[in-house]
Amino acid sequence: MQLIGRREELDRIAQVVSGIHESALLIVGETGSGKSHLLDAAGGQTSIRSTLVQTMPAEASWPFSGFARVFAFSEEVSAIDVASKVSAFSGQRGELFDVARDILATLRAVPVDPILLLVDDVDRMDVESQALLSLIADGLANTGIRLVASATEIPPSNPLAGFRRITLGVLTPIDARELADSTAGPSGDAGTAQIIADNSGGSPATIVENAHTLNELQLQGKEPLVLPFRPSPSQLSFARHALGRVGEDEKKFLELVALAPMANTSGLLSLDGTDIDALEEVLYSELVTVHGNYIQIRDPRLRSALYWGLDSRTRRELHGRLAEVYRAADPRLAGWHSSFLHHNEETTEELLGAAAQFAEEGCSPAAIEFTERALRLASSKERHLSRVVDLAATLLNQAELDLARRYALQARPDCASADMSVRVAAVLASIDYARTHIVPTNDIDATLSIYATNAPAGALRLLSIAASFHAERWEVAEARRYLARAESLSPSVPDLGRGELEAVRLLVNAIDPAHAKLTHSMEEAAGALADGFPTDSDTPDAALVGVATWSPQALILCGKTLMYVEQYARARHVLTIALTRPQPTSALWAESARFFLAVNEIRAGNYHRARAACEEWLTNTVPPRQSKASRQLLHGWYLQSTGQLVAAKTLFEQCMEQTLVEHNSGVAAQALALQGEFALSEGKFEEAARLLEFADVIGQSFANPALTRASIDLVEAYVATKRLREARSVLDALDAHRDRFPSRWLTLAVARGRALVAPDDECIVAFRAALDLFEADDSPYALGRTLTNFASAQSRLGLVRESEKTAAAARNAFANAGVQSWVDRADHVHLAPETTPLSALGVLTEEEQLIVEKVREGYRNKEIAAAMYISLRTVELRLTHIYRKVGARSRSHLAALLG
């Protein structure tokens, strides 16, 4: 069995190996927790030689036999005659102390190369050996020997109770899933692996044992499973231990609960012979979990043992009794129990319908078990495809992506109609995109080629989905291709699906307004939606209807559209509605709404709100989404914004690697732009220029420079590194885009850029013009950046008092925005190397720099004129200009500054 997880435990063993204060460690874990594999892995990773000793339970009746086996690891130490040292032992504790002291003295006298002794199942060793090992454990520090042992259970009276110990807990859900994937093999279905992991209780042995009970088709997700899994020896051992502290009445009650994925307590109490006191005892036993009026066995291993511990006749009789009492109290559970008595195709439909309800309620384990039973009972899956696809779509909305894909793939081979084929393709495309953030273009195009003519409504829906996926990745050309195909189909599907299609078109036009600008009526329609009012049905944008009728998907599309057209307050309004609407928003769409709320605040320049939105998103995000590049980018921004720089750097690196997997150049450009922007705030201008150059190169694939927002930062980095020609080139390109991509951000950025590259005698006016453009609703962050640049220019020109005032205004703007790194930059703007008078040398012309050098060497004006072959008048004019640039009041002041 492959060792998955257990990183902390391996590190703890490594501490014992390398430490000087600790020489022994006991690892305690239940049967099947992977103790043996942990010891084996520790032996393979240690920096010193190691040996693994397997305890022989057959020797347990021979005193000190286990101890002799442990210390038979080398010729020198095995020469210790353990038998002679313990021959006089009569069982007295004091005598054992003497034996331990004698053995430790011998071990210290014998030179032993460092070695790690790993003892598996030490609790199955003879008691005398356990006691002796416990006594010498702390004294091994000076012998070169390190001892790590494993045990299943150590009661307080056990001789090993004095060992320093760690408890080997169950695997985390992520580690359990990884082990199940590994055990299922490369051809195994990911959804099946998740079911195996979820039914393991986190026990590594149970995961492997359950996987090995399945045939190849079941592992591949092509045949239904029998749930709960039949118990293995390790599961039965766990169950015996768990049930050891409950009475017979409580056990019988637990057996009733185990007959279904969950039980209704009201129904159970109405069953003849059920003891309410037993229910109370069970509720407080920690063996069950309670959800409202429902109760279920906490650990799947215990449920498996209880369920299969009943003989088939008893199970059937209990199912019949429960079906009767649930008939009025809980029809879904009544259908479950009835299916064990008699079944037909109607039973299958009922079970699948109940499964979809459980999935929508977020109770995936019950949904899965109902579904697997329904599929096993179905004589023909083709008759129930609609229900199966409904379930897959519901699981998708709940972010159970691998489970959703399992059932969507099971439905695909049985599709007999064009409509069902296109519907399954749409669900699968949505699942695959949510799992990978890669648009399955080939599958979508193939489905459309085959079925679009015979299923135009479904094809229109699929085209809308494909276009929205490409739009989210800023792949405008592909999105427009699908929108164009949708236009050719829409006449044959009057009014069906056009609202969603129009929402996608709005998003594409917001991302790339150059080819199809947002019309005034579209902006009005989007704004009316954001304000909560329905649009006029007589307008050209009648597809944009009142907010109450929009689905979460449509609301999120609208919110993104408003964000990209820089209507941030309205975007916030719409995305908040998606989270707080009367109908509950499913996990997948709630995660998307929270994610884009955070992104919206970052683009708005309000970092206080952005961090709060990030924290809300991180608290509620679903694991399948966390590993995607866009999500890693947002998390990295949050870590960087809160000063967790090491963790942020690691996450940005992971994000860049993930963008390669996803072929997601948009996220890659944003990640580089964010890191370059932060490098600017730290004054690391060369690094900033490098990062921003990469971002700018990648960003060339997106026509709209306002998407990545890297260009203006690159201009600032180039100016700071004295590369004015490159800065002007980037600024000219940015300026050229303003007419094609009109945006408030571009207007403010170009104005700031012009001031950054302006000559000293023009920059003050240029910065004031840039600041005059700002309005009350504009980004406080952008305002702070402009003020910081202005303060630096004023300081460079010797306007110290004005610079201090401007820097104070910048600090205030950054504080309002919540950008601490730039507050720090504004605090030190007058100390930065580029803002001292000497740095003005970098903006002097070549001729002026030669004159300055002559002044430093003590040349008079006439001597400078003669040396440079220019007139005396020219030298005087140039010096006057130089004084103004560096803030010098006279020739002597200039010499002092340059000295």
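Colleague: Could you give an account of the overall build of the protein, naming the residues involved and the relevant values?
Modeller: On a plain count of helices and strands, the protein comes out with 48 helices and 8 strands. Looking at the protein as a whole, 55% of its 899 residues are labelled buried. Sequence-distant contacts in the protein: of pairs separated by 6 or more residues, those separated by 24 or more amount to 68%.

Colleague: Explain the nonpolar core residue by residue, including any values.
Modeller: Among the nonpolar cores identified, the biggest contains 127 residues, and Ile444, Leu448, Leu462, Ile511, Tyr564, Trp637 and Val715 are the most heavily contacted of them. The leading source of residues in this core is helix H25 (residues 456-472), at 9 residues.

Colleague: Kindly report on the sheet that holds strand E7 (residues 288-291), identifying the contributing residues and their values.
Modeller: Strand order in this open sheet of 3 strands is E6-E8-E7, and the pairing throughout is antiparallel. Whereas interior strands pair on both sides, the edge strands pair on one side only; in this sheet they are strand E6 (263-264) and E7. Alignment of E6 against strand E8 (residues 294-297), held across 2 bridges, turns out to be antiparallel. Considered in E8, the bridge of Ala263 is made with Ile295.

Colleague: Hey, could you go over the pattern of salt bridges for me, with residue numbers and the actual values?
Modeller: Taken as a whole, this structure holds 37 salt bridges when the rule is applied. One salt bridge connects Glu324 with Arg327, and the closest N-O pair in it is separated by 3.7 Å. In this pair, Glu324 and Arg327 are both assigned in helix H17 (residues 312-329), 3 residues apart and thus about one turn of the helix distant.

Colleague: So what's going on with the environment of Glu687? Which residues, and what values?
Modeller: The residue Glu687 is located in helix H37 (residues 685-699) in this model. For the pair formed by Glu687 and Gln675, sequence separation is 12 residues and the distance between their alpha carbons is 9.3 Å.

Colleague: Please provide a residue-by-residue account of the packing of helix H19 (residues 345-360) against helix H21 (residues 385-397), values included.
Modeller: Across the interface, H19 lies against H21 with an axial gap of 9 Å and an inter-helix angle of 10°. Regarding the angle of H19 to H21, the classification is roughly parallel. On the side of H19, the interface is formed by Glu349, Leu352, Gly353, Ala355, Ala356, Ala359 and Glu360, while H21 contributes Arg387, Val388, Leu391, Thr394 and Leu395. Of the residues contributing to the contact of H19 with H21, the split by class is 7 nonpolar, 2 polar and 3 charged.

Colleague: Break down the packing of helix H13 (residues 248-257) against helix H15 (residues 276-283) for me, with residues and values.
Modeller: Relative orientation of the contacting elements H13 and H15 amounts to 80°, with a least axis distance of 9 Å. Considering their axes alone, H13 and H15 lie roughly perpendicular with respect to each other. Between H13 and H15, the residues in contact are Asp249, Glu250, Phe253 and Leu254 and Ala278, Leu279, Glu281 and Val282, respectively.

Colleague: I'd love a proper account of the packing of aromatic side chains, names of residues and values included.
Modeller: Tallied over the full model, the rule gives 14 aromatic pairs. Taking 4.2 Å as the distance between ring centres and 15° as the angle between the ring planes, the aromatic pair formed by Tyr433 and Phe469 counts as stacked. With a gap of 36 residues between them, Tyr433 in helix H23 (residues 418-436) and Phe469 in helix H25 connect regions that are remote in the sequence. For the pair shown, Tyr433 and Phe469 are each scored as buried. Seen from their ring centres, Tyr781 and Phe814 are 6.1 Å apart, and the 55° between their planes marks the pair as tilted. Taken together, the residues span a long stretch of sequence, with Tyr781 in helix H42 (residues 780-796) and Phe814 in helix H43 (residues 800-817) at a distance of 33 residues. Across the pair, exposure class does not vary: Tyr781 and Phe814 are buried alike. An aromatic cluster is defined as three or more aromatic residues linked by ring pairs; in this entry it consists of Tyr607, Trp637, Tyr781, Phe814 and Trp822.

Colleague: Lay out the side chain of Thr348 in plain terms, naming residues and giving numbers.
Modeller: Tracing the chain through its elements places Thr348 in helix H19. By relative accessible area, which is 0% here, Thr348 ends up buried. For Thr348, the contacting residues outside a window of four places in its chain are Ala374, Leu377, Ala378 and His384.

Colleague: Please set out the sheet that holds strand E4 (residues 145-151) residue by residue, giving values where relevant.
Modeller: Strand order in the open sheet formed by 5 strands is E2-E3-E4-E1-E5, and the pairing between neighbours is parallel. Two strands close off the open sheet at either side, each with one partner strand: strand E2 (49-54) and strand E5 (165-167). When strand polarity is set aside, the average angle formed by the axes of neighbouring strands in this sheet is 20°. Bridge analysis of E2 against strand E3 (residues 115-120) gives 6 bridges, and the strand direction is parallel. What sits directly across from Gln54, in E3, is Asp120.

Colleague: Could you give me a rundown of the environment of Pro331, with the residues and numbers involved?
Modeller: Within the secondary structure, Pro331 sits in helix H18 (residues 331-338). Residue classification places Pro331 among the exposed residues on the basis of a relative accessible area of 57%.

Rules used throughout
Residues numbered from 1 in each chain as written. Predicted model: local features only at pLDDT ≥ 70, side-chain atom pairs only at ≥ 80, totals over all residues. Heavy atoms only, no water. Helix = DSSP H or I, 4+ residues; strand = E, 2+ residues; numbered from the N terminus. Buried < 20%, exposed > 50% of the residue type's maximum accessible area, 1.4 Å probe, protein only. Contact = heavy atoms within 4.5 Å. Core = buried A, V, L, I, M, F, W, Y, C linked by side-chain atoms within 4.5 Å. Pairing = 2+ DSSP bridges. Salt bridge = Lys/Arg side-chain N within 4 Å of Asp/Glu carboxyl O. Axes fitted to C-alpha atoms, helices over the stretch in contact; angles between N-to-C directions. Parallel < 35°, antiparallel > 145°, perpendicular 65-115°, else oblique. Nonpolar A, V, L, I, M, F, W, Y, C, P; charged D, E, K, R; others polar. Phe/Tyr/Trp six-rings, centres within 6.5 Å; stacked < 30°, edge-to-face > 60°.

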